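Next come the chains, spelled out residue by residue.
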Amino acid sequence: MRDPGGGQPSSLHAGDRVAVIAPSGPVDPDRLERGATVLRSLGLEVTFGRHALDIAATLPHLAGTDADRAADLQAAWCDPEIAAVLCARGGYGAARVLDHLDWTALGRAKPKPLHGSSDITALHVAFGRRLGVTTSFGPMIASLIADGEPEAVDHLRAALFGRGGPVTGTHALRPGRATGSLTGGNLALLTSLLGTPYAPEPAAGRIVFLEDVGEAPYRVDRMLTQLRQAGWFDGVAGIVLGTWTGCGDLDAVFADRLGPLGVPILAGVPVGHGPRQLTIRLGAPVLLDADALVLHPGVPDARGRRSGPPGAFAGETP
């Protein structure tokens, strides 16, 4: 790994060793190995968390005990020989490990890419706020990556090894352009963290990304209302809406709850759940162009060149 600089993770290189962990739900061994095979095809050496295939005895919806899942995460993050920490799958349980982490030790370790989505939002928020690092939101190793879906794999490769790529939406709910660092994640997880020591930082001046799965429109309405009443959206610069698989038609809800914020809103971005899952970087600067239906990594300078934090993985350099 090259020196990250600026306290941010660095890009991966062929031959790097990565750790696959299971901080949430239990993992299917066959899918885990298939996902690892895809990672090896990218030139990476793959190791697994000691408890990656555990199932909690009394709570079988968890991949082992909270302490064991936290230990795998901490060991991988603090190991200087591990270049990235990749999550096997979501489900539920990532928020439960947060109280078991030694944040002082994590803060002393060299930053590295942390990748996952859905329930992993709890880790994205906590690592971003407490450690000040960017993280990678995209398909997980024992889910879509295990299927070898070409677009998902290519976009993940671009994010982990280089500059990343733009993501295109289907329609704008409100036109305009905005820049700022990207924040957000899974709507249910963000809302569940409010009022806890791991609550997401306010979205003022930032571009918010949101997605979810299997939530009825009234529940999405309720969660957006809670975030608004908590003041989390105050001063937001723009909004990007990912996939809402199994949630029905939400445009009316979004128009009602988010439209009055008066900022650009891009919808239909293939990030989250479903058959198309691309990768974005939370905490990194982006350009939201709702007029062109594109979210670009990095922010253009006066000469139109796109830039991100020095040395940051998946960022763009001047």
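For the structure, see preceding data.
Residues numbered from 1 in each chain as written. Predicted model: local features only at pLDDT ≥ 70, side-chain atom pairs only at ≥ 80, totals over all residues. Heavy atoms only, no water.

Trainee: Help me out: how do you make sense of the overall build of the protein chain in this one?
Mentor: When its secondary structure is counted, the protein chain shows nine helices and 16 strands. Relative to its 318 residues, the protein chain shows a buried fraction of 55%. Placing the 28 positive and 32 negative side-chain charges of the protein chain at their respective mean positions leaves the two points 5 Å apart. (Helix = DSSP H or I, 4+ residues; strand = E, 2+ residues; numbered from the N terminus. Buried < 20%, exposed > 50% of the residue type's maximum accessible area, 1.4 Å probe, protein only. Lys, Arg positive; Asp, Glu negative; His and termini not counted. Charge placed at Lys NZ, Arg CZ, Asp CG, Glu CD.)

Trainee: What is the right way to read the side chain of His115 from this model?
Mentor: By the secondary structure assignment, His115 is in strand 4 (residues 114-116). From its side chain, His115 meets the backbone oxygen of Pro139 in a polar contact 2.8 Å long. The contact partners of His115, leaving out residues within four places of it in the chain, are Val85, Leu86, Cys87, Ser136, Phe137, Gly138, Pro139, Leu156 and Thr279. (Polar contact = N/O pair within 3.5 Å; in protein donor to acceptor, adjacent residues only side chain to side chain. Contact = heavy atoms within 4.5 Å.)

Trainee: Sorry if this is basic, but what is going on with the packing of aromatic side chains here?
Mentor: Centre distance and the angle of the planes are the two values used to describe a pair of aromatic rings. Taken as a whole and assessed by the stated rule, the structure comprises six aromatic pairs. Ring geometry for Trp232 versus Phe233: centroids 5.2 Å apart, planes at 70°, classification edge-to-face. An aromatic cluster of three or more residues is present, and its members are Trp77, Trp103, Phe127 and Tyr198. Above the face of the Trp103 ring, Arg130 is positioned so that its terminal group lies 5.3 Å from the ring centre. (Phe/Tyr/Trp six-rings, centres within 6.5 Å; stacked < 30°, edge-to-face > 60°. Lys NZ or Arg CZ within 6 Å of the ring centre and 35° of its normal.)

Trainee: I would appreciate a short explanation of the pairing of strand 1 (residues 17-21) in the present structure.
Mentor: Taken residue by residue, a regular strand's side chains alternate between the two faces of the sheet. The buried fraction of strand 1 amounts to four of the five residues, a majority that puts the element mostly inside the structure. Examined bridge by bridge, strand 1 and strand 2 (residues 45-48) share four bridges and lie parallel to one another. Its bridge partner being in strand 2, Arg17 is matched across the sheet by Glu45. Crossover connection from strand 1 via helix 1 (residues 29-41) to parallel strand 2: handedness right-handed. The pairing of strand 1 with strand 3 (residues 84-87) spans four bridges and is parallel. When the bridges of strand 3 are listed, Ile21 appears paired with Cys87. (Pairing = 2+ DSSP bridges. Right-handed = clockwise from strand over helix to strand, strands pointing away.)

Trainee: Teacher, can you tell me more about unusual backbone geometry here?
Mentor: Among all residues save glycine, negative phi is the norm, and among peptide bonds the norm is trans. The phi dihedral of Ser118 is positive, around 55°, even though this residue is not glycine. Structurally, Ser118 can be placed in the loop between strand 4 and helix 5 (121-131). Positive phi is not limited to glycine here, since Leu293 has a value of about 65°. The topology assignment puts Leu293 in the loop between strand 13 (285-289) and strand 14 (294-297).

Trainee: Looking at this model, I keep getting lost on helix 8 (residues 217-229). Mind explaining?
Mentor: In an α-helix, one full turn covers 3.6 residues, which means residues spaced three or four apart are oriented alike. Over its 13 residues, helix 8 extends 18 Å from the first C-alpha to the last, a length consistent with the 18 Å expected when each residue adds 1.5 Å. The set of residues buried in helix 8 consists of Val220, Met223, Leu224, Thr225 and Leu227. For helix 8, the secondary structure elements touched by its buried residues are helix 7 (187-193), strand 9 (207-213), strand 10 (238-245) and helix 9 (251-257). Phi for Gly231, located one or two positions after helix 8, is positive at around 80°. (Expected span 1.5 Å × (residues − 1).)

Trainee: I keep staring at the sheet that holds strand 11 (residues 265-267) and nothing clicks. Help me out?
Mentor: One key point about sheets: their strands pair by backbone hydrogen bonds, in either a parallel or an antiparallel sense. Strand order in this open sheet of eight strands is 6-14-13-8-9-10-11-7, and the pairing throughout is mixed. A strand with exactly one partner marks an edge of an open sheet, and here the two such strands are strand 6 (167-168) and strand 7 (171-174). For strand 7 and strand 11, the ladder comprises three bridges, and the chain directions are antiparallel. Among the inter-strand pairings, Ala172 is bridged to a residue of strand 11, identified as Leu266.

Trainee: Quick question: what am I supposed to make of the sheet that holds strand 1 here?
Mentor: In space, the six strands of this open sheet follow the order 2-1-3-4-5-12, with mixed pairing throughout. Every other strand in the sheet has two partners, leaving strand 2 and strand 12 (280-282) as the edge strands with one partner each. On average, adjacent strands in this sheet sit at an angle of 25° to one another, irrespective of strand direction. Here helix 2 (residues 66-78) sits on the sheet in contact with strand 1, strand 3 and strand 4, set at roughly 170° to strand 1. Against the sheet, helix 5 contacts strand 3, strand 4, strand 5 (135-137) and strand 12, and its axis sits at roughly 155° relative to strand 5. (Axes fitted to C-alpha atoms, helices over the stretch in contact; angles between N-to-C directions.)

Trainee: Is there a simple way to think about the nonpolar core in this case?
Mentor: Counting 51 residues, the largest nonpolar core has Leu123 and Phe127 as its most contacted members. Tallying contributions element by element places helix 5 first for this core, with five residues. When sequence neighbours within four positions are dropped, the list of residues in contact with Phe127 reads Leu73, Trp77, Leu101, Trp103, Leu106, Leu114, Gly132, Val133 and Thr135. Counting 25 residues, the second-largest nonpolar core is a separate cluster that includes Leu42, Ala83, Ala88 and Ala152. (Core = buried A, V, L, I, M, F, W, Y, C linked by side-chain atoms within 4.5 Å.)

Trainee: Got a minute to help me understand the environment of Arg17 in this structure?
Mentor: Relative to the helices and strands, Arg17 is located in strand 1. A relative accessible area of 31% means that Arg17 is categorised as partly exposed. The sequence separation of Arg17 and Leu189 amounts to 172 residues, and the corresponding C-alpha distance is 29 Å. Sequence-distant contacts of Arg17, that is, excluding residues within four places in its chain, are made with Glu45, Thr47, Glu81, Ile82, Ala83 and Ala84. A distance of 3.1 Å separates polar atoms of two side chains, one belonging to Arg17 and the other to Glu45.

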